[in-house]
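Analysis of the macromolecular model
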Amino acid sequence: MPRATRPSAKPVAAPLAAPPSPPPPRRRRKRVALIIETSNEYARGLLHGIRAYIREHENWDIDLDERRRGEATRWLKDFRGDGVIARIENAAIADEVQASGLPCVDVSAARQVPGIPWVETDDAEIARMAFEHLTERGLRRLAFCGDEHFNWALWRRDAFVKLVERAGLDCAVFPPPHRARHLAHEAELTALSDWVAGLPRPVGVMACYDIRGRQVLAACRALDLAVPDDVAVIGVDNDELLCDLSDPPLSSVAPDTDSTGYLAAQLLDRMMHDREPVPPTAHLVKPLGVVPRLSTDTLAIADPQMAKAVRFIRAHACDGINVADVLRQVSGMSRRVFENEFKKLFGRMPHEEIVRTRVQRVKELLTQTDLPLYTVANRAGFKHVEYMSVVFKKKTGVPPSEYRERKGK
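Model, not experiment: these values are computed from the prediction. (Residues numbered from 1 in each chain as written. Predicted model: local features only at pLDDT ≥ 70, side-chain atom pairs only at ≥ 80, totals over all residues. Heavy atoms only, no water.)

Relative orientation of the contacting elements helix α1 (residues 41–56) and helix α8 (residues 257–272) amounts to 50°, with a least axis distance of 6 Å. When the axis of α1 is compared with that of α8, the two are oblique. As for the relative orientation of α1 and α8, their crossing is right-handed in sense. In contact with Y42, G45, L46, H48, G49, I50, A52, Y53 and E56 of α1, α8 contributes T257, D258, T260, G261, Y262, A265, Q266 and D269. Partitioning the contact of α1 with α8 into residue classes produces seven nonpolar, seven polar and three charged. (Axes fitted to C-alpha atoms, helices over the stretch in contact; angles between N-to-C directions. Helix = DSSP H or I, 4+ residues; strand = E, 2+ residues; numbered from the N terminus. Parallel < 35°, antiparallel > 145°, perpendicular 65-115°, else oblique. Left-handed = near helix turned anticlockwise from the far one by under 90°. Contact = heavy atoms within 4.5 Å. Nonpolar A, V, L, I, M, F, W, Y, C, P; charged D, E, K, R; others polar.)

The structure is reproduced here in structure tokens:
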């Protein structure tokens, strides 16, 4: 009997392959106009900060052309973009920005468009740093050289004068309130030179920005006044090229322009993505600190004993000295008399000056190096990093690691 054969199985069709998923739609990059000049250090610092933000976050297509300060654009009215960061210095730029209808962050102190958020340097804090830098050198005659065309110059003037008056001192101001705004350039420089000639000496002068500081130094040279012994000068912006080309090199308060630009970009990003409304308020960024140069390298103290003590503290505070070590540098003076005289001259006790000098050194090391905290503590004269952290937070409001992170933007 023939063997039964098993029916062959029907071939099973292979399942059809699923069609490939379409690639996700490519997200369109935001297009942003930067109405910021490229002609000075402050504005370039803003651009560095904006660049840092977009490198860390979503990249933007940037429209930026070379311009002078306050120069209006000719293309913003036709700009098809998503947002604007602008130094709105005058009515012409304000009209262009408002006509665009785009989200905008202002990085000018002119306040031409009150209804939008603006980011600026903290001018009161800049004035405080300049005031303390001059008075720490024993200067008790102070002056402010301003420029009444700019809000930031007026705000710095008002804050500086208030600090001087609060200290029970007098402050000479250029230009005086009654001076006409439309003086020709040469006439203004002549008036500035006459003003410098009439200042009591020795005097510490805060210039509202570095260019003004250079003009004060030029007036001193023309008048044969010694800088810094007769006139000590500090500017603002720390434009390194301008400061180093000055004669002598100009001390300056350094604004934190990188953080200012970074914050402006952060606010605009929020506005463009409608994450949350940004109120039209001021966002003020504190300066980094004073960069001392030869124009303020003086110690205007008549008492040679006190001058010797201060020089010793500033030279050796980070070597672990104490008040007893300082007292050994002066002769014939009890500790109580020494401390009373020191406080009368500088407004703080010798121990406070030692701590202040050490904290300043910590700030420099945190922002200028990547040294670990225990090395920073050692180089600043603190035996233990924990004690340094406690003192630093008490003086600055933040621990050292957070200070480094904030200033590292």
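What follows continues from the structure just given.
Among the six residues that make up strand β9 (residues 231–236), six are buried, leaving the element largely enclosed by the rest of the structure. In β9, alternate side chains face the same way, and those of V231, V233 and G235 on one face and A232, I234 and V236 on the other are all buried. Note that strand β8 (residues 203–207) and β9 share four bridges and pair parallel. Looking at β9, one finds that V205 is bridged to V233. Handedness of the crossover joining β8 and β9 through helix α6 (residues 210–222): right-handed. Here β9 runs beside strand β10 (residues 251–254); their pairing, made up of three bridges, is parallel. Pairing of I234 across the sheet is with S251, part of β10. Each parallel crossover has a hand, and for β9 linked through helix α7 (residues 240–245) to β10 it is right-handed. (Buried < 20%, exposed > 50% of the residue type's maximum accessible area, 1.4 Å probe, protein only. Pairing = 2+ DSSP bridges. Right-handed = clockwise from strand over helix to strand, strands pointing away.)

Here the focus is the pattern of salt bridges. Inspection of the entire model under this criterion finds 23 salt bridges. Note that E339 and R335 form a salt bridge whose closest N and O atoms lie 3.1 Å from each other. Note that E339 and R335 are positioned in helix α11 (residues 335–346) at a spacing of four residues, about one turn of the helix. Among the residues examined, E339 registers a relative accessible area of 16% and is labelled buried. (Salt bridge = Lys/Arg side-chain N within 4 Å of Asp/Glu carboxyl O.)

Read across the open sheet, the six strands follow the order β7-β6-β8-β9-β10-β12; overall the sheet is mixed. Strands at the two margins of the open sheet, each flanked by one partner only, are β7 (171–174) and β12 (289–291). This sheet shows a mean twist of 25° between the axes of neighbouring strands, independent of strand direction. Against the sheet, helix α3 (residues 123–135) contacts β6 (142–145), β8, β9, β10 and β12, and its axis sits at roughly 160° relative to β8.

The next thing to look at is the side chain of S252. Position of S252 among the secondary structure elements: in strand β10. For S252, a relative accessible area of 0% gives the class buried. Among the polar contacts listed, one links the side chain of S252 to the side chain of D210, at a separation of 2.7 Å. Excluding residues that lie within four positions of it along the chain, S252 makes contacts with D210, I234, G235, V236, D237, N238, C243, G289, V290, V291 and R293. (Polar contact = N/O pair within 3.5 Å; in protein donor to acceptor, adjacent residues only side chain to side chain.)

Within this structure, the stated rule accounts for zero disulfides. Left unpaired, C145 is separated from the closest cysteine sulfur, that of C208, by 6.6 Å. (Disulfide = S-S within 2.5 Å.)

For the rest of this paragraph, the subject is helix α14 (residues 385–396). Its twelve residues give α14 an end-to-end C-alpha distance of 16 Å, which sits within 8% of 16 Å, the value for a rise of 1.5 Å per residue. Listed in full, the buried residues belonging to α14 are M388, V391 and F392. Along the long axis of α14, the arc covered by the buried residues comes to 100°, so they all point the same way. The exposed set on the far side of α14, more than 90 degrees from its buried face, consists of E386, V390 and K394. G397 sits one or two positions beyond α14 and adopts a positive phi of about 90°. (Expected span 1.5 Å × (residues − 1). Arc of directions from axis to C-beta.)

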